[in-house]
Amino acid sequence: MTGRPRPSIAALPAYKPGRSAAAAEADHGVADAIKLASNEAPFGPLPSVAEAIALIAEEANLYPDHGAAELRADLARHLGIRVDQVTVGAGSAGILQQILLGFVEPGDEVAMCWPSFEAYPLFAQLVEAEQVRVPLRDETFDLPALAEAVTDRTKVAFITNPNNPTGTVVGTDEIVTFLDAVPATCIVVLDEAYDEFVTDERVTDSTRLLAEYPNLVITRTFSKAHGLAGLRVGYALGQPDVIGMIDRTLVPFAVNALAQAAARASLAAEDEMRERVAGVVAERSRVAAALRSAGWDVPEPQGNFVWLPLMERSADLGLALERRGVVTRVFDDVGIRVTVSDQAANDRFLTALVEAAAEET
Ligand SMILES: Cc1ncc(COP(=O)(O)O)c(C=O)c1O
């Protein structure tokens, strides 16, 4: 072993991104594979956003604004909160890592329901935290059980709304009950990466909770609804002292100039973004209805993906889909997560699933 790596890092499994279409093509000798494995948007940046990116690309010799002051100001205005309640990072994943770096010491507890976003355990291990994982109930965050699991050693608790990979939501009332139940020494991270896709009326504007709960941090992203996953920009909302603490661990210039410009332009084109999201939501309803009428169990999807809790069938069905050029995200012995894309891609998935199921022994 070269050097003396920290044991916690040497033992850290690498983050596993969704398999690429090219990898599936090479493995299975198929052409035209599609990737529905990373909850990416099926569309490129909006025209005004592409223009902003092209303009700023000409200034790539210059460092970006480390604090992304203009983007923070835009976000604050947009959300009706103060600018010192907003920070930005390299994707919301970057911010989640910053939160754990800022608030968790070795041996502290980090609580979450499970299965959920696979980066949480990696980041918890990075800071040598003890993970407390509470099972989902009915594929949904079990907030009463999560609240029970929070102790005075719990520094961070995650609520993922909608949850990845199951796509389900908890109502804002339930989140309020949770916040009332846990001590203010525990930072509650409300991860809303898929917030723009939520149609369930039990979920209301969570930014209204910020004033009352100083330990609440809401994280969101430009990766999903805004379709800017390749540029890496996310944001967090919270009280100024918590935001300031998160800022301390931001890698210098982590949010690059293209990302800042694109995010600002995308915020300015909110109506167009909402139109695109409505298209994805309509496709989500169509896909879920088709699956259910074919007899599949599909928990109510509220993100840009659907979840098939296939348990021990998951690996084989996932492979059978991939052989047909449809790459999904397989969680062995748990389920398959499938991104809702454009109509043609969604139809390919539905057809491939019928064929894959017919092949099952
Ligand atoms: C629940 C959840 N949170 C956070 C992220 C991170 O997204 P990004 O870092 O692109 O903002 C993802 C990405 O898939 C996610 O599913």
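One can find the structure itself at the top, above this paragraph.
Here the structure is a predicted model, which means the values were calculated and not measured. (Residues numbered from 1 in each chain as written. Predicted model: local features only at pLDDT ≥ 70, side-chain atom pairs only at ≥ 80, totals over all residues. Heavy atoms only, no water.)

Caption draft 1: How the structure looks around the site of the ligand. Around the ligand sit 13 residues, and of these S92, D191, T221, S223 and R232 come closest. Here an oxygen atom of the ligand sits 2.7 Å away from a polar atom, N or O, in the side chain of Y194. Within the contact set of the ligand, an oxygen atom lies 2.5 Å away from a side-chain nitrogen or oxygen of T221. Contact with the protein chains covers 93% of the free accessible surface of the ligand, which is 400 Å². The biggest single contributor to the shell around the ligand is helix α5 (residues 91-103), with 3 residues. Residues of the shell around the ligand, tallied by class, amount to 4 nonpolar, 6 polar and 3 charged. (Near = heavy atom within 4 Å. Polar contact = N/O pair within 3.5 Å; in protein donor to acceptor, adjacent residues only side chain to side chain. Areas by Shrake-Rupley, 256 points an atom, 1.4 Å probe, with all protein chains shown as cover. Helix = DSSP H or I, 4+ residues; strand = E, 2+ residues; numbered from the N terminus. Nonpolar A, V, L, I, M, F, W, Y, C, P; charged D, E, K, R; others polar.)

Caption draft 2: Structural detail: the sheet that holds strand β11 (residues 329-331). Strand order in the open sheet formed by 3 strands is β9-β12-β11, and the pairing between neighbours is antiparallel. Both edges of this open sheet fall to β9 (305-308) and β11, since each of them pairs with a single strand only. On average, adjacent strands in this sheet sit at an angle of 15° to one another, irrespective of strand direction. Pairing analysis gives 4 bridges linking β9 to strand β12 (residues 335-339), with the strands arranged antiparallel. Its bridge partner lying in β12, F305 is registered against T339. Relative to β12, helix α12 (residues 314-323) is tilted by about 35°, and along the sheet it contacts β11 and β12. (Pairing = 2+ DSSP bridges. Axes fitted to C-alpha atoms, helices over the stretch in contact; angles between N-to-C directions. Contact = heavy atoms within 4.5 Å.)

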